[in-house]
Amino acid sequence: MTPSYDRPSAERPEPSPPPRAGLTRRAFGTATAAAVTVAAAAPAAAAPSATAAARTAEPHERPFRAAPGRHSRRPNILFVLGDDLGWADLSSYGAPHIRTPHLDRLARQGVRFNQSYSGSATCSPTRFSLYTGRYPGRTRGGLAEPIADKSVGLEPTHPTLASLLRDAGYRTALIGKWHCGYLPDYSPVRSGWEEFFGNFGGALEYYSKLGLGGEYDLYEGDAEYKDLRYYTRVLTERAVEYVGRDHDRPWLLNLNFTTPHWPWIAEGDTEESAEITRRIRSGDARALWHQDGGSVEKYTQMVEDLDRSIGRVLDALRRSGQEEDTLVVFASDNGGERFSYNWPLSGAKGSLQEGGIRVPTIVRWPARLDGRQVSDEPVFSPDWTATLLELAGARPHPAHPLDGGSLAGYLLRGEEPPRRPLFWRVRGERALRQGDWKYYRGKDGRDHLFHLPSDPREQADRASAEPALLGELRARWERIDAGLLPYPAAR
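Rules of the game
Residues numbered from 1 in each chain as written. Predicted model: local features only at pLDDT ≥ 70, side-chain atom pairs only at ≥ 80, totals over all residues. Heavy atoms only, no water. Helix = DSSP H or I, 4+ residues; strand = E, 2+ residues; numbered from the N terminus. Buried < 20%, exposed > 50% of the residue type's maximum accessible area, 1.4 Å probe, protein only. Contact = heavy atoms within 4.5 Å. Areas by Shrake-Rupley, 256 points an atom, 1.4 Å probe, with all protein chains shown as cover. Phe/Tyr/Trp six-rings, centres within 6.5 Å; stacked < 30°, edge-to-face > 60°. Lys NZ or Arg CZ within 6 Å of the ring centre and 35° of its normal. Expected span 1.5 Å × (residues − 1). Core = buried A, V, L, I, M, F, W, Y, C linked by side-chain atoms within 4.5 Å. Pairing = 2+ DSSP bridges. Axes fitted to C-alpha atoms, helices over the stretch in contact; angles between N-to-C directions. Salt bridge = Lys/Arg side-chain N within 4 Å of Asp/Glu carboxyl O.

### Describing the overall build of the protein
Piece 1. When its secondary structure is counted, the protein shows 11 helices and 17 strands.
Piece 2. For the protein, buried positions account for 59% of its 491 residues.
Piece 3. A separation of at least 24 residues holds for 72% of the contacts in the protein among residues at least 6 apart in sequence.
Piece 4. Accessible surface for the protein amounts to roughly 19100 Å². Of this, 50% is attributable to carbon and sulfur atoms.

### Description of the packing of aromatic side chains
Piece 1. Applying the stated rule across the entire model yields 20 aromatic pairs.
Piece 2. The interplanar angle of 80° and the centroid separation of 5.6 Å between the aromatic rings of Trp87 and Tyr93 together place this pair among those described as edge-to-face. In this structure, Trp87 and Tyr93 share a single accessibility class: buried.
Piece 3. Aromatic ring contacts, followed pair by pair, group Tyr117, Tyr135, Phe380, Phe423, Trp424 and Trp477 into a single cluster.
Piece 4. Between the NZ or CZ atom of Arg286 and the centre of the ring of Trp289, over which it lies, the distance is 4.0 Å.

### Observations concerning helix H5 (residues 231–243)
Piece 1. Taking 1.5 Å of rise per residue, 13 residues should cover 18 Å, and H5 covers 19 Å from first to last C-alpha, within 8% of that figure.
Piece 2. Among the residues making up H5, those that are buried are Tyr231, Thr232, Arg233, Val234, Leu235, Thr236, Ala239, Tyr242 and Val243.
Piece 3. In this structure, the buried residues of H5 make contact with strand S5 (171–177), strand S6 (195–199), strand S9 (251–256) and helix H7 (296–319).

### Overview of the nonpolar core
Piece 1. Grouped together as the largest cluster of nonpolar side chains are 55 residues, with contacts concentrated most on Leu78, Leu253, Leu255, Ile310 and Phe330.
Piece 2. Counting only elements with at least two residues in this core, the list comes to strand S2 (76–82), helix H2 (101–108), S5, H5, S9, helix H6 (270–281), H7 and strand S10 (326–332).
Piece 3. A total of nine residues in this core trace back to one element, the largest contributor, which is H7.
Piece 4. With residues near it in sequence (within four places) discarded, Ile310 still touches Val80, Leu103, Phe257 and Phe330.
Piece 5. Counting residues in hydrophobic clusters, the runner-up holds 48 residues, among them Ala331, Trp365, Leu389 and Leu391.

### Here's the deal with the sheet that holds strand S17 (residues 447–451)
Piece 1. If you walk across this open sheet you meet the four strands as S14-S15-S16-S17, and the pairing is antiparallel. Two strands close off the open sheet at either side, each with one partner strand: strand S14 (422–426) and S17. Across the sheet, the mean angle separating the axes of adjacent strands is 10° when strand polarity is ignored.
Piece 2. In this structure, S14 lies alongside strand S15 (residues 429–434), joined through five bridges in antiparallel fashion. Considered in S15, the bridge of Phe423 is made with Leu432.
Piece 3. In this fold helix H11 (residues 467–482) packs onto S14, S15, strand S16 (437–441) and S17, with an angle of close to 115° to the strand it touches most, S15.

### What to know about the pattern of salt bridges
Piece 1. Overall, the coordinates contain 43 salt bridges when judged by the stated rule.
Piece 2. As a salt-bridge pair, Arg138 and Asp403 come within 2.9 Å of each other at their nearest N and O atoms. One end of the pair, Arg138, is in the loop between helix H3 (123–132) and helix H4 (161–167); the other, Asp403, is in the loop between helix H9 (381–392) and helix H10 (408–413), and 265 residues separate them in sequence.
Piece 3. The exposure class assigned to Arg138 is partly exposed, which follows from its relative accessible area of 27%.
Piece 4. Classification of Asp403 as buried rests on a relative accessible area of 15%.
Piece 5. Arg279 is the salt-bridge partner of Asp284, the closest N and O atoms lying 3.1 Å from each other.
Piece 6. Assessed through its relative accessible area of 28%, Asp284 is described here as partly exposed.

Here's what the structure looks like:
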């Protein structure tokens, strides 16, 4: 029998949560968040819960309920990733100064997840977890946080979402950021994607396409492709073309934008682009990090451009007549960074605090899911792999069992969602979420316990008040960790 993880122990009930403190909303004004102008940096009122903050923009949302009894063919799958987009960087998630009408519309047409997590706190391990459906620590390449050289990558022999769907009759393509290894040994077209157009590395300058090592990094398949226009525009055009084709089979498109990852360059910023390109070519290894540039305003421009770009792809999908039978998933690869709006979460990219791993996630499938819904179920990247395989009629490889649980029964048939812990491990930090509780150890080496519904900011440490629960969650984390590859010794 599959064990139930509703309670930390079968022997005793879960401890009562601490009393919920009075929570007030931030003053966003009377307009909807999609129409709010940039607010002055006034001090906030008492912090709202993360769920309440996200709901300020969509007052007509209702809790998720499946609509069983509907039928459809196997869906096309459009999985869109933003890059370093923070949990509250969309107006539908509470951003007071960023307007994202296209993604807000996608949320109104589908289901918005309030407690969705990335598989890790940085780019490439999360992509490993999504492509394999497994913890990043199952594979050598997933131990790099993130991949920065040619020594490791996603082994072509490892089954992936793309290879399993391809074998089940799907067309497969990846457009945008790969970041799971470099040529000559690693490539999307060697891991199940029939088509690839994009960049191999973790970042590139948006016009020159120069990467972290000064290399040119725009490819079609495994061959360089020259296009010096703004990168987000180039990727959008490719995606519009792909979804508009007359496909003879269902398809999977992983559309991985680099927006709003640094460098902080919006379309038209050609002088800033030229200066960063000059510094890269002169050997400045930190030029792409753009630590002396960017601003909240520039970041806002980039996120709003991402929204418009996704809107163009969704318009192309509608014009193609495939909208009804296409499952669209939008998410971020990890939490936000310098200019991101993560309120009320603590932490950012690279950390296993909520701000580093909780991400905006929207799912739309008109044929099977009603719109204007919100789910508070905790889910993370490997769950989507398991879900998409089930919906596509594909099976995991028996030699590489999944760590994620399929949400298909929950989304389509009204079944209970999978009950399992959400596990994370990065160098120097560990975390595990079980129901409403989160066990966390940061770089200070101390164990913490948080009750997330009443304390999404992770400020009220319950470790001393609930020592038995802390011990159980720590032991559960350690049992999972024992089955993973160890980190190589630091150089």
